[in-house]
Each structure stands twice: as structure tokens, then as C-alpha cells.
Amino acid sequence: MNLAVTNEGAFWTSQRPTAVTTSRCDALTKELCLELQDDWADLARSASEANIFQSPNFIQQSLRLFADQAPKAVTVWQGAMLIGLVILRRDAGYAKLPIPFWRSALHHEQFLATPLVRKGCEADFAKGLCQWLDSAPRDCWFLNLSMITADGAIAAALADHCKIDTRAMLTANRFERAAIVPENHGNGSADDLLRPSRRKSIRGAMKRLQKHGDVTIERLSDASELGAWVDDFLTMEDTGWKHENRSSILSCDKETALYRAMIGDAFAADNLHFARLCLDGKPIAYTLDISAPSVSYCLKSAIDQQYRKFSPGVLMEHETLRYYLGEQGLAFVDSCSAPDNVMLNELWPDRKAIMDVAIARQGAIYTAAFRAITAIKSLLKTAPGA
């Protein structure tokens, strides 16, 4: 394999070309997103592992949230076909050491960073990404991919390639969060999957709420109502502890703009699952989900604090479980929740495993340094008080 360098960047060539262009990815800009739009959208539709948080529209709408990270888009190609894309940034400081490295560029409204990789091209992507890492500026010692699916084809391809390449690799920070895998449960109902005590508490909450009026579930389908739904949801989400901690969507103009655009795009593409619980027609809880091919992501929820004692959030998440168990062709529902979310962990029967993958540059010096650094990280993690 040969490396050809031009004023457009570095290109790896072989009998089956896999090229990595770094020069055009030095800055992730609106112009770059527009330039790659068609190839990127095709990649997202054909991805081995769907990830809305790496889709072209989401990334373009996130540019203001990325502004302080100076992110780069690393692309892997086979000839003229885009087979992989990952958003990275430079960082310094790993395991409390001043070590420069590449890492996934993320903002806190991204709940998954698995790269987009064309189905069937996972091995080629892993090879191309590692080749890019070796040809990148030498002052970055390794690559850390954060929050990728732990048991997916991409993680497996990276591990396989590192073995073939005798390249050091480390997995770390593994955790699991609530999920729904419909095919795991046949024709079982949502109630069948709950512990008796939880089933009883949900029925009790519903009966108490029904004493105050007619309880209904509504799902957005009319484009003329989209704006009103979004406004009411954002206002409701900006209450309670989120308002007090200034962690609601409305507390940040950049996040508000992101969600308004994301919801609009998802509705136009028929990928929006927007539902609400109503009492005598008055909304008292919302759930906001966005889907990609065969996968749905549960992004946000909101409740009217005046009805908190009736557990409307629990009722809506139970309804979410019931709804998705009946969806045909759906492989996975990701809660996008914290791993210690007790309510969802009790309600939803499955789990999604997520982890970080750190990959060393090729070479004896980098390998030795990487192993020393990761050993220090492991020691720090297990040290008393860590």
C-alpha cells in the first residue's frame, strides 16, 4: 500500500482503493456538510449501525454546539464511494497525563457516537481509519472513540483489525442503559414484562388520574399542529429541576435551535414519534423520539409538575414500551438515558451496551507509550478515592 500526498491531502491507494482525505476535513464547517451532503446521507441510509447523532442534518445543526472543539470530519472512501465517517477533535490530557490524542467530538445532546460505516464495509473502514491515524500529525499518540455500541459490527471490526495489525487497543468505560428489543419478547405485552409490584403501581396511578377526567394518548400526525406541540413541549420541559438547574432545552439558545430543527426534519422525513398524555384534552406529559432505519431513539420527555403525584412520566414510558413492542421491523429502541435511571431500568426489559475504544498508532514507541498510559489509567480508576 502506498501513500500519495497532494495539496488536497493524503490518499491511501491499493488494489481495492480505500482513501482517507484529511485536508478537506481539517475543519467541520457548514460548507463541508453541504459538500458531503449527498454522500453522507447515502451513507447514513446504508449504515451498518444506524446513528441519528452522526447524520448529516444533525451534525450540521450541531455546528454551533461544536464551536469550541474545532472538530474534524475524517472520511473513509472506496474510490468515489463514502464508506465511513467519524467526527473527531484533538485533546490533551489522558489519565491525568498531558498526552495529546484524538477523540470523538461530542456535545451533551449526543447520546451515541458510533461512526457511520456502510454495511459490509466495516473491515475496510477499520483499516482506513487506522491508516489515517498513522498518517496524522505525530504529536497525537492515539485515537479514543467514545460512546460506541459495544456489541456491534463496528467495534468487532476495529478489534479484528487491531489484532491483524498487531496494534494496541483498549476498551474502557463500558456501561449499559435501558432499551427495548421487540424481537426478544414475541407477542408478550408490556404488562407481562413488568414485576407485579411495578404493574400494580402503574395501574394505580392510571386509576387515580382517571378520577380527574378522561385520560388519552395523542400522537402527532398533523403538520399544522407541529409548531404548537413543540412550543408546549419545550415550555413543559423547562420546569422543575431542569429549570432550576438550567439544564432544560430552553435554557440554551443553541440547543433550542437544534431541537426545533431536528424535530422539523424528523417530521418531514416521517421519522418523528411525538406523543403526549392528556387529561380532558390538556397535555400533561410528552415523549419525543426520533427514528433511523430499524432503530428509534427516545431523546426527551417532559411532565406538567402540577400532576407529578400521578406519575405521568412513568405512564408515558410504559406507553412507549407498549407502543414499540407492537412495531414491525423495529430492531432496537434506545432510551438514551443514564445507566442509573431506576424508573426506566425497571420498566424496559433490555439493555444497550456502550463503551470507549482507544487505538494506538502503529510503531514500537507509540505502542509502549500507549500501554504505559492505559496502565496508569487503570491504576487511577482502581485507586482508593478514585
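All residue numbers refer to position in the chain's written sequence, counted from 1. Side-chain atom pairs in this predicted model are given and counted only at pLDDT of 80 or more, local residue features only at pLDDT of at least 70, and totals for whole chains, interfaces and linings cover all residues. Heavy atoms throughout the structure, all of them, feed into the side-chain values; hydrogens and water do not.

Re the overall build of the protein chain
Okay, step 1: Helix and strand assignments come from DSSP, with helices taken as H or I runs of at least 4 residues and strands as E runs of at least 2, each series counted from the N terminus. Each helix and strand counted, the protein chain has eleven helices and 15 strands in total.
Okay, step 2: Here the globule rule is a power law, 2.2 Å times the number of residues to the power 0.38, and the radius of gyration is based on C-alpha atoms. For a compact globule of 386 residues, the expected C-alpha radius of gyration is about 21 Å, and the protein chain comes in at 23 Å, within 12% of that figure.
Okay, step 3: Taking the principal axes of the C-alpha coordinates as reference, the protein chain spans close to 75 × 50 × 40 Å.
Okay, step 4: Every one of the 386 residues in the protein chain was classed for burial, and the buried ones make up 52%.
Okay, step 5: Put simply, 74% of the contacts in the protein chain that link residues at least 6 apart link residues at least 24 apart.
Okay, step 6: Note on areas: Shrake-Rupley, 1.4 Å probe, and residue coverage restricted to the protein chains presented here. Split by element, the accessible area of the protein chain, about 17,800 Å² in all, is 51% carbon and sulfur.
Okay, step 7: We treat Lys and Arg as the positive residues and Asp and Glu as the negative residues; His and chain ends play no part in the count. Every charge is mapped onto a representative atom, which is NZ of Lys, CZ of Arg, CG of Asp or CD of Glu. Put simply, the protein chain has 43 plus and 46 minus side-chain charges, and the middle of one group is 6 Å from the middle of the other. Summary of the burial criterion: residues with accessible area below 20% of their type's maximum are buried, those above 50% are exposed, and those between are partly exposed, where the area comes from a 1.4 Å probe applied to protein chains only. Working rule for contacts: check all heavy atoms of both residues, and any pair within 4.5 Å makes them a contact.

Structural notes on the pairing of strand 4 (residues 72–78)
Okay, step 1: Burial analysis of strand 4 places seven of its seven residues in the buried class, which makes it a mostly covered element.
Okay, step 2: Every second residue of strand 4 is oriented toward a common face, with K72, V74, V76 and Q78 on one face and A73, T75 and W77 on the other, all of them buried.
Okay, step 3: Between any two strands, pairing holds if DSSP finds at least two bridges. Both strand 4 and strand 5 (residues 81–94) contribute to a ladder of seven bridges, which runs antiparallel. Of the residues in strand 5, the one forming a bridge with A73 is I87.

A few points about the packing of helix 3 (residues 122–135) against helix 4 (residues 153–164)
Okay, step 1: The axes used here are C-alpha line fits, helices contributing only the stretch in contact, and every angle between their N-to-C directions lies in the interval 0 to 180 degrees. Between helix 3 and helix 4, the shortest axis-to-axis distance is 8 Å and the interhelical angle comes to 55 degrees. Taken together, the axis directions place helix 3 and helix 4 in an arrangement best described as oblique. The crossing of helix 3 and helix 4 is right-handed. Between helix 3, through E122, A123, F125, A126, K127, L129 and C130, and helix 4, the contact on the second element is made entirely by A153, I154, A157, L158 and H161. For this classification, under 35 degrees means roughly parallel, over 145 means roughly antiparallel, 65 to 115 means roughly perpendicular, and everything else is oblique. Crossings are classed by handedness, with left-handed meaning an anticlockwise turn of the near helix from the far one by less than a right angle and right-handed meaning a clockwise turn.

Notes on the confidence of the model for the protein chain
One rule of thumb: low pLDDT means the predicted coordinates there are not for detailed reading.
Okay, step 1: As a per-residue measure, pLDDT reflects the predictor's confidence and takes values from 0 up to 100. Chain-level pLDDT for the protein chain is 89 on average; 91% of the residues reach the 70-or-more range.
Okay, step 2: A low-confidence stretch, residues 1–23 (pLDDT under 50), is modelled with 53 contacts involving residues beyond four sequence positions or located in other chains.

Digging into helix 1 (residues 30–45)
Okay, step 1: To obtain the bend at a residue, axes are fitted to the seven residues ending there and to the seven starting there, and the angle between these axes is taken. Q37 marks the point of greatest bend in helix 1, at about 65 degrees.
Okay, step 2: Along helix 1, the residues classified as buried are L32, C33, L36, W40, A41, L43 and A44.
Okay, step 3: Elements that come into contact with the buried residues of helix 1 comprise helix 2 (56–61), strand 4, strand 5 and strand 7 (116–117).

Re the pattern of salt bridges
Okay, step 1: What makes a salt bridge here is a side-chain nitrogen of Lys or Arg within 4 Å of a carboxyl oxygen of Asp or Glu, nothing more. Using the criterion set out here, one finds 18 salt bridges in the structure.
Okay, step 2: Of the charged contacts in the structure, one is a salt bridge between D91 and R103, with a shortest N-O distance of 2.9 Å. Of this pair, D91 sits in strand 5 while R103 is found in strand 6 (residues 97–104), placing the two residues twelve residues apart along the sequence.
Okay, step 3: By relative accessible area, which is 22% here, R103 ends up partly exposed.
Okay, step 4: Linking R260 and D231 is a salt bridge whose minimum nitrogen-to-oxygen distance equals 3.0 Å. One end of the pair, R260, is in helix 8 (residues 253–268); the other, D231, is in helix 6 (residues 226–237), with 29 residues separating them in the sequence.
Okay, step 5: According to the relative accessible area criterion, R260 is partly exposed, its value standing at 40%.

Quick look at unusual backbone geometry
Okay, step 1: One non-glycine residue, M147, lies in positive phi territory at about 50 degrees.
Okay, step 2: Summarising the element assignment, M147 is placed in strand 8 (residues 142–149).

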